[in-house]
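An overview of the molecular structure
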Amino acid sequence: MNQAEIRKLIPALRVAVTAKKRRFSNPRGPDGRLHKMRTTVNELIKNERMEVNYNRADEARGYAERLISEAIRYGDCHRPTMELADFWLPEKQNVHKLFKVLVPRFKDSQVSYTRIHKAPHVYPSPLFDKVVLELRGNPFPPLEKFTTKRNWIHNILLEEAHREYLEKKYKQQEQEQEQEEEEVQ
Amino acid sequence: MLSAVPRRIFHTFFRKPPAQRVTAKVPPYIRDQDSNTDNEQPLPHDFRIVYPEFLPDPRPEWRNRLRERLERNDMLTRRSVVAIPEFYIGSIMAVTVGDPNASDKTNRFVGICISRGGTGLRAWFNLRNVIDHQGLEIMYEMYSPLIRNIEVLRLEKRLDEELLYLRDALPEYSTFPLDMEPELLPEGAPVPINDIKVKLKPRPWHERWERKNLQGVQDLGLPQRFYNKAKLHEKPWEKYDLMMEYRATIPEEEQADIFQEIAPHYQQLESSRRQSKRRLAQTSRY
C-alpha cells in the first residue's frame, strides 16, 4: 500500500507522461479505453505514421514505448511478453514486425522510439489538437526540417578566422622552438 | 432529405475549442550525472524486495527529491542504532517499544505481519495476534524512535500479498504464543513460502473475499451467485495495462541511483541482516 510496486523492474520511459491516465470514456465500457489504445498502437506499428488527436496519441505513445521496450528486453521466446504482444497487436503480422523489425531497429537506441509532431487543423473539422504520431526510422520523408546554422555566412567567416588564427599561432610556436634550438647550440 | 454533412460537425464548428486542461507531465528520468560511473556498484536483485521503504512513493504529487534524500540519510542512521531485520507478509515478529507507564518501561508484542506499507521514515507494518480470545492488531512505524527492538521469530512468506483475511479466519490461524522462540534458518537458505490454506469463519466478512482472488484460503463454499457477481467485477485487461504498471513503479535507473546513494552503507546493512537471521533471542533489558 502506497509503496512502489517491486515485483517487476521496468526501464524508464524516454518520453514525458501525464501523472494520471486519461480516461477516454466510450460505449464499450470499462475495457474500452484499453481497446482504443490497442487499436492506436496496432496502427502505429503497422503504418509507422498516423494522424490522430493529441490526447489519444500522447496516451498511446506511452503504451507503444513500453511494448517496444518489453520486446527488446525479453524477446519473443519469453511467454508473458508474447502474450502481451498478442494482446496489444490484434493483427498477427504486426507481432512478427515488432520482434523481427522494430526490436533490431531500436535495440541500441538511447532516445525514444516514437515522435509526435503538431498537425494543422483543417476546416471544417472540429477544433481538436491534431498530431502526427510516428515511429523513428520510418521509411517516409521526414516531417521536420533539419536546419543547420553551419552554412550561415557569420559562421563560415568565424570558422575561417579561427583557422587563420590557429595557423598563425602554430607558425609562431614553430619559430620560437627553432630559436630555442639555435640558442642551445 | 438528410444532408451529406453530419449535424455534429455543424454544431462543433462554432463551439470554442475545449479549454486547455493543465495535465501536468512527468519528464523522463535522467540518470544522476554527478555520480562517479567508475566505481558504480550494480543494483542487487533483491534490494527493492528487502528494503522496499527506501524507494519513494511513485505518485508524482508526493515526490520531493530533497526530502527523499534527507529521509534516506535518517533511515540509515536509525538502522545503525536499531537493527531492522528483513521481513515479509506472513512473518512472525516481536516488537519491543518504550512505554513510560510499564513497570520495566518496555512493552513487547508478538504477532504475524499482515500488511506493510509507507515509504521513507513513515514505513509501517501491522502485527496481528489473538490474546484472551480478542484479536489485536498493532501498527508499528519502523523508524519510530520509540521502538527498542524488532526481531523476526519466524521468517517466511505467504501465498498472498496481504493477510487481511485473517480477520475473518478462525482465531487459531492468528494465534501465536507471546513467549515464542525465534526459529533460525540455515545460512544462505531462501525464504520459505508457507502455503497454508486458511479456513474462514462463516459470512458476514469484512470484505468480499471471493472477489480478491486469494491463494491462501480454503474453498469459501459460497453459493454460485457470489462467484457470478465476482466475475462481473473482474478486470482481466488490467494485466496488460502497461502504463498503469509503469505509473505504479520506480524505474530501474532511478532505483540504481538510489542504491548508489546508499551503497557506502550497504555492506553494514547486509551484515546486520545476516546477523539478525543468526542471532538467538535476547531478552531486552532496557
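The following paragraphs examine the structure supplied in this document. Quantities reported herein were computed from a predicted structural model and do not represent experimental measurements.

Residues and elements named next belong to chain B. Among the eight residues that make up strand E4 (residues 124–131), seven are buried, leaving the element largely enclosed by the rest of the structure. Where strand E3 (residues 106–117) and E4 come together, five bridges link them in antiparallel fashion. When the bridges of E4 are listed, Arg 116 appears paired with Phe 125. Connecting E3 to the antiparallel partner E4 that follows it, the hairpin turn spans six residues, and Gly 118 within it adopts a positive phi of roughly 80 degrees. Hairpin connection from E4 to strand E5 (residues 134–141): two residues lie between these consecutive antiparallel strands, with Asp 132 at a positive phi of about 55 degrees.

Okay, the side chain of Asp 241 of chain B next. Mapping Asp 241 of chain B onto the fold places it in the loop between helix H4 (224–233) and helix H5 (242–247). With near-sequence residues (within four places) excluded, Asp 241 of chain B lies in contact with Arg 33, Leu 34 and Tyr 63 of chain A.

Let's shift gears to the interface of chain A and chain B. Counting residues at the interface gives 45 residues for chain A and 49 residues for chain B. Counting each side, the surface lost to burial between chain A and chain B is near 4200 Å², with a carbon and sulfur contribution of 61%. The largest contributions to the chain A side of the interface with chain B come from Gln 3, Ile 6 and Leu 9 of chain A, which together make up 16% of the buried area. The shortest N-O distance in the salt bridge between Lys 239 of chain B and Glu 83 of chain A comes to 3.9 Å. At the surface where chain A touches chain B, the tally comes to 18 residue pairs in polar contact (both at pLDDT 80 or more). Looking at the side of chain A that touches chain B, the element that brings in the most residues is helix H2 (residues 54–74) of chain A, giving nine residues.

The next point concerns the packing of H2 of chain A against helix H3 (residues 79–88) of chain A. Think of two packed helices as two axes; the pair is described by the angle between the axes and how far apart they sit. All names here are of chain A. Look at H2 against H3: their axes get within 10 Å of each other, and the N-to-C directions meet at 150 degrees. With respect to H3, the axis of H2 lies roughly antiparallel. In the crossing of H2 with H3, the sense of the turn from one axis to the other is left-handed. In this structure, H2 uses Tyr 63, Leu 67, Glu 70, Ala 71 and Tyr 74 to contact H3, whose residues at the interface are Thr 81, Leu 84, Ala 85 and Trp 88. Residues belonging to the contact of H2 with H3 are distributed by class as follows: seven nonpolar, one polar and one charged.

Residues and elements named next belong to chain B. In spatial order, the strands read E5-E4-E3-E2-E6; together these five strands make up an open sheet with antiparallel pairing. Edge positions in the sheet fall to E5 and strand E6 (147–154), since each has one partner strand and no second. Across the sheet, the mean angle separating the axes of adjacent strands is 35 degrees when strand polarity is ignored.

About the cut-offs
- Residues numbered from 1 in each chain as written.
- Chains lettered and ligands numbered in written order.
- Predicted model: local features only at pLDDT ≥ 70, side-chain atom pairs only at ≥ 80, totals over all residues.
- Heavy atoms only, no water.
- Buried < 20%, exposed > 50% of the residue type's maximum accessible area, 1.4 Å probe, protein only.
- Helix = DSSP H or I, 4+ residues; strand = E, 2+ residues; numbered from the N terminus.
- Pairing = 2+ DSSP bridges.
- Contact = heavy atoms within 4.5 Å.
- Buried area = accessible area lost by both parts, 1.4 Å probe.
- Salt bridge = Lys/Arg side-chain N within 4 Å of Asp/Glu carboxyl O.
- Polar contact = N/O pair within 3.5 Å; in protein donor to acceptor, adjacent residues only side chain to side chain.
- Axes fitted to C-alpha atoms, helices over the stretch in contact; angles between N-to-C directions.
- Parallel < 35°, antiparallel > 145°, perpendicular 65-115°, else oblique.
- Left-handed = near helix turned anticlockwise from the far one by under 90°.
- Nonpolar A, V, L, I, M, F, W, Y, C, P; charged D, E, K, R; others polar.

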